[in-house]
Amino acid sequence: MNGPALYCKIPPLAGATIWLNRRTSGRSAAEENGVRVSGLAKPRPWLFRLARGVAVAILVVLLLPYLLVPLYRVINPVSTLMLWRWAKGARVERSFVPIARMAPALPITVIASEDGRFCTHRGVDWRELRERLEDVEDIGEARAVSTITQQTAKNLFLWPGRSFLRKGLELPLALWIDLVLPKWRVLEIYLNIAEWGPNGQFGAEAGSRYAFNKSVRSLTPYEAALLAAVLPNPRRRSAKQPGPAVRRLAVIYAVRGAAQAPLAFCVRSAKLAKMARLGRGPGLDPRDPL
């Protein structure tokens, strides 16, 4: 009775041949029987191209401000809010005025009211930020700490409103602006792109003409203080028709500006240099506090 047992055995050589054929063919039994195996999905090249394109676009958007800042030594920039209003067809009134042709009280008063250590910090006032963090209970309140350089960075490249994302983008931009541009140029740009009126008035010249119907070079110290008082919110505060709170702030800022004029030494040197180049011009008396 050995016949049936011998008949069912598969010779070792034949089994090895079958195994080798299966390995070399690269097809599973299910594939041979017409069953589709999902397994690992094949990569879709268009998804990788899309992700790479999005990453490159984000990188360009993040790096573009750092490439533009050195150009602003000689090019007078506009703000993102101005661009947004132009895109919507809204009114934009703006006339760029060199800082040497502004009333000397305005840069001093703005520094005294907005950023007393402007001439000494490197774009970010870490001391003020640290003190504010120690004083406030909610870390969100510390987001209001913003130097003139930070506000310039926000106005040039970012959006209004408070958020940790914007602040995270703003800090390195402020450090870069302070590194690349001289202090007087940072302040000059800020004074010419800040929103200074309720209906598209941008820059000190437009703000001065709207509020006082005169050029910024003719401002009195009190008028300069009124303009500084409305800077945080020119749509709700008015230098043209100041309320009690704005008038009170203006008095404080005028006194502070007169007392803290030496804090503007970084602007004084720039103005004296421009005096040498221009040789004349309104408000360029060497005896003025700048």
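Residues numbered from 1 in each chain as written. Predicted model: local features only at pLDDT ≥ 70, side-chain atom pairs only at ≥ 80, totals over all residues. Heavy atoms only, no water.

**Quick notes on the pattern of salt bridges**
A full pass over the atoms with the stated rule returns 11 salt bridges. With its nearest N and O atoms 3.3 Å apart, the salt bridge here joins arginine 117 to glutamate 128. Of this pair, arginine 117 sits in the loop between helix H6 (105–114) and helix H7 (126–135) while glutamate 128 sits in helix H7, and the two are 11 residues apart along the sequence. By relative accessible area, arginine 117 is classed as partly exposed at 25%. (Salt bridge = Lys/Arg side-chain N within 4 Å of Asp/Glu carboxyl O. Helix = DSSP H or I, 4+ residues; strand = E, 2+ residues; numbered from the N terminus. Buried < 20%, exposed > 50% of the residue type's maximum accessible area, 1.4 Å probe, protein only.)

**Quick word on helix H8 (residues 148–157)**
Across the 10 residues that make up H8, a large majority, 9, are buried. Buried residues along H8 sit in contact with helix H4 (45–68), helix H5 (80–88), H6, helix H9 (164–180) and helix H10 (183–193). (Contact = heavy atoms within 4.5 Å.)

**Points about the packing of aromatic side chains**
Going through the model one piece at a time under the given rule, you end up with 2 aromatic pairs. Taken together, a centroid distance of 6.2 Å and an interplanar angle of 50 degrees make the contact between tyrosine 66 and tryptophan 176 tilted. Of this pair, tyrosine 66 sits in helix H4 while tryptophan 176 sits in helix H9, placing them 110 residues apart in sequence. For tryptophan 176, a relative accessible area of 28% gives the class partly exposed. Between the aromatic rings of tyrosine 72 and phenylalanine 157, the centroid separation amounts to 6.2 Å while the plane-to-plane angle is 15 degrees, which identifies the pairing as stacked. Taken together, the residues span a long stretch of sequence, with tyrosine 72 in the loop between H4 and H5 and phenylalanine 157 in helix H8 at a distance of 85 residues. For the pair tyrosine 72 and phenylalanine 157, a shared accessibility class is recorded, and that class is buried. Above the plane of the ring of phenylalanine 118 lies lysine 183, whose end atom (NZ or CZ) is 4.8 Å from the centre. We note lysine 240 situated over the ring of tyrosine 210; from NZ or CZ to the ring centre the distance is 4.8 Å. (Phe/Tyr/Trp six-rings, centres within 6.5 Å; stacked < 30°, edge-to-face > 60°. Lys NZ or Arg CZ within 6 Å of the ring centre and 35° of its normal.)

**Quick notes on the side chain of glutamine 151**
Positionally, glutamine 151 belongs in helix H8. Given the relative accessible area of 14%, glutamine 151 is considered buried. In this structure, glutamine 151 is in contact with Glu114, Ser146 and Tyr190, ignoring residues within four places of it in sequence.

**Focus: the packing of H6 against helix H13 (residues 244–259)**
Relative to each other, H6 and H13 sit at 105 degrees, their axes nearing to 8 Å. When the axis of H6 is compared with that of H13, the two are roughly perpendicular. Along its contact with H6, which presents Ile108, Thr109, Ala112 and Ser113, the element H13 presents Tyr253, Arg256 and Gly257. Grouping the constituent residues of the contact of H6 with H13 by class yields 3 nonpolar, 3 polar and 1 charged. (Axes fitted to C-alpha atoms, helices over the stretch in contact; angles between N-to-C directions. Parallel < 35°, antiparallel > 145°, perpendicular 65-115°, else oblique. Nonpolar A, V, L, I, M, F, W, Y, C, P; charged D, E, K, R; others polar.)

**As for the layout of surface pockets**
Empty space within the largest pocket amounts to approximately 870 Å³. Secondary-structure elements contributing two or more residues to the lining of the largest pocket are H5, H6, H8, H9, H10 and H13. Looking at which element gives the most residues to the lining of the largest pocket, the answer is H8, with 4 residues. Class assignment of the residues belonging to the lining of the largest pocket gives a composition of 14 nonpolar, 9 polar and 10 charged. At the level of secondary structure, the elements contributing two or more residues to the lining of the second largest pocket comprise H4, H5, H8 and H9. Tallying contributions element by element places H4 first for the lining of the second largest pocket, with 6 residues. Its residues assigned to classes, the lining of the second largest pocket comprises 15 nonpolar, 1 polar and no charged. (1 Å grid on protein atoms, 1.4 Å probe; cavity = no way out; pocket = protein on both sides within 12 Å on 5 of 7 lines; lining within 4 Å. Points joined across faces, edges and corners; volume = space filled by probe spheres on them.)

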